[in-house]
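Given next are the chains, with one letter for each unit.
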Amino acid sequence: MALLECVPNISLSAPEDVRRVACAVQNTPGATLLHTDSNPAANRTVLTFAGTAEAVFQAARACLKTTLELADMRLHRGAHPRLGALDVCPFVPVSGITLQEAARLAVRFGQLAAQEFNVPVYLYEAAARRAQTRNLADVRRGEYESLPQKLQTLPPDFGPRVFNAGVAKTGACVIGARPFLIAFNINLNTQDPAPAKKIAAVLREKNGGLIAVKAIGWYMENFRRAQISCNLTDFTQTGPAQVFAAAQKEAQKLGFMATGCELVGLIPLQALLAAGRFYAPEQTDETALIRAAVNGLSLSDVKPFNPHEQILEYRLKALTAR
C-alpha cells in the first residue's frame, strides 16, 4: 500500500482550535490522524496524518482551510519561530511512494494554497526550485515580522508578493517534501535560555557540530525549563542518544544538567531501537530496547511518553490493517 505522511506545523495551540483542525483532518476520507502535539508556550501544534497521496492532499487542504479561518498572525505570540498560520507543511514518503513524487504533490499543494487561499508560498527541501529556499531556517529567518520586506527580497514561489491585509492575517506557508525528521527538545535544569542557546550552537551541523542536526535554544514557560530544540534530518547519521549525550557533556561544562528529552510528534521504531542499543548494548528484545531508550533519554521528563502513541510504526498498524 502506497502511504504518504504529512506533518503540518500550525501557529495555534488553544484546545478548541486544535480540536477543530484535527476534526477537519479526521473527516477527510482515506486520511488517518496519527498524532497531535500542542505546546501553549510555543503557541504551536504539530499534526501527523497519513494515507494515500490524494487523501493526504485533501486532508492538508482541510487543515490549511481551517487553520486560516482560526489564526490571525497579527495577534500571534509564541516561543517557536514562525512565518505564518500554516507555518510549514512537509510531505513525507512512508512506503510505495518516492520523495520525488511527494515533492510534486507539495508543488501542487503550494499552487492550491496560493490560488485558493491567496497565501504566499515558499517551496523547500525536495520541492525547492531555488537554493535560497531549500533550507527552512533560511526561509524563516526574521520570522513573520520580516515578511513585508521578505516578499520583496525573496519573492514567494506562488501567491501574493505584497504584504496586504490578507497576508498580514495569514502570513506565509513553507511547503515541501522531505525524508522523516525527528523533532525533540532537550531539557536543562535552568530557566535561563542563554546556556541552551550556547549548547545549541555547539551541536548544530552548520557550526561544525553533529551531522544532520539543527538546533536552537529557548525558554519554555509551560515547563519552566530552558530547552535545546533539535531537528534530526537523518537519524541514521546522528540519533537522539548521540545528541543527548553531547548535550549532557556541553551542559556540564557550563555548570548545568541536561535532565531529559521531550519528543515532538512521532519517532521511527528503528531510531528508538538504536537509542536502546546505545544505552543497553547487550539487549536484543524490542520491548527491552524501547524501555532502555525511554529511560536513557528520560523521555517522560516534562510530559508522559507513550510508545504506543508516539512510535510511527505502531501508529501506522491501524492504518495498514484497514
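None of the values given here were measured: they were computed from a predicted structure. (Residues numbered from 1 in each chain as written. Predicted model: local features only at pLDDT ≥ 70, side-chain atom pairs only at ≥ 80, totals over all residues. Heavy atoms only, no water.)

Engineer: Provide a residue-level description of unusual backbone geometry, including the pertinent values.
Structural biologist: Even without being glycine, N43 reaches a positive phi, approximately 55°. Secondary-structure assignment places N43 in the loop between β3 (31-39) and β4 (44-51). Backbone geometry at N118 places phi at a positive 55°, although glycine is not the residue there. Looking at where N118 falls in the secondary structure, it is placed in the loop between α3 (99-117) and β6 (121-125). Judged by relative accessible area, which is 44%, N118 ranks as partly exposed. (Helix = DSSP H or I, 4+ residues; strand = E, 2+ residues; numbered from the N terminus. Buried < 20%, exposed > 50% of the residue type's maximum accessible area, 1.4 Å probe, protein only.)

Engineer: So, the side chain of N39: which residues are in play, and what are the values?
Structural biologist: The residue N39 is located in strand β3 in this model. Since its relative accessible area comes to 9%, N39 is described here as buried. At a separation of 3.0 Å, a polar atom in the side chain of N39 contacts the main-chain amide nitrogen of A41. At a separation of 3.2 Å, a polar atom in the side chain of N39 contacts the side chain of N222. (Polar contact = N/O pair within 3.5 Å; in protein donor to acceptor, adjacent residues only side chain to side chain.)

Engineer: Describe the nonpolar core, and please don't skip the residues or the numbers.
Structural biologist: Grouped together as the largest cluster of nonpolar side chains are 58 residues, with contacts concentrated most on F91, F109 and I175. The leading source of residues in this core is α3, at 10 residues. Sequence-distant contacts of F109, defined by excluding residues within four places in its chain, comprise F57, A60, R61, L64, L86, C89, F91 and I175. Counting residues in hydrophobic clusters, the runner-up holds 50 residues, among them V7, I186, A215 and V264. (Core = buried A, V, L, I, M, F, W, Y, C linked by side-chain atoms within 4.5 Å. Contact = heavy atoms within 4.5 Å.)

Engineer: So what's going on with the packing of helix α7 (residues 193-203) against helix α8 (residues 240-253)? Which residues, and what values?
Structural biologist: Relative orientation of the contacting elements α7 and α8 amounts to 130°, with a least axis distance of 10 Å. As summarised for this structure, α7 and α8 are arranged oblique, according to the angle between their axes. For the element pair α7 and α8, the recorded crossing hand is right-handed. Contacts between α7 and α8 involve I199, V202 and L203 from the former and V243, A246, A247, E250 and A251 from the latter. Residues belonging to the contact of α7 with α8 are distributed by class as follows: 7 nonpolar, no polar and 1 charged. (Axes fitted to C-alpha atoms, helices over the stretch in contact; angles between N-to-C directions. Parallel < 35°, antiparallel > 145°, perpendicular 65-115°, else oblique. Left-handed = near helix turned anticlockwise from the far one by under 90°. Nonpolar A, V, L, I, M, F, W, Y, C, P; charged D, E, K, R; others polar.)

Engineer: Tell me about the side chain of E250, and please be specific about residues and values.
Structural biologist: Note on placement: E250 falls in helix α8. Exposure remark for E250: the relative accessible area of 16% places this residue in the buried category. At 3.2 Å, the side chain of E250 and the side chain of K253 are in polar contact.

Engineer: Give a description of the pattern of salt bridges that names residues and reports values.
Structural biologist: Counted according to the given criterion, the structure contains 16 salt bridges. In this structure, the salt-bridge partner of E143 is R82, at a minimum N-O distance of 3.2 Å. Of the two residues, E143 sits in the loop between α4 (136-140) and α5 (147-153) while R82 sits in the loop between α2 (53-70) and β5 (86-95), which places them 61 residues apart along the sequence. A relative accessible area of 4% means that R82 is categorised as buried. As a salt-bridge pair, R224 and E221 come within 3.3 Å of each other at their nearest N and O atoms. Among the charged side chains, a salt-bridge network with shared partners connects D37, E262 and K303. (Salt bridge = Lys/Arg side-chain N within 4 Å of Asp/Glu carboxyl O.)

Read these as geometric descriptors, not functional statements.
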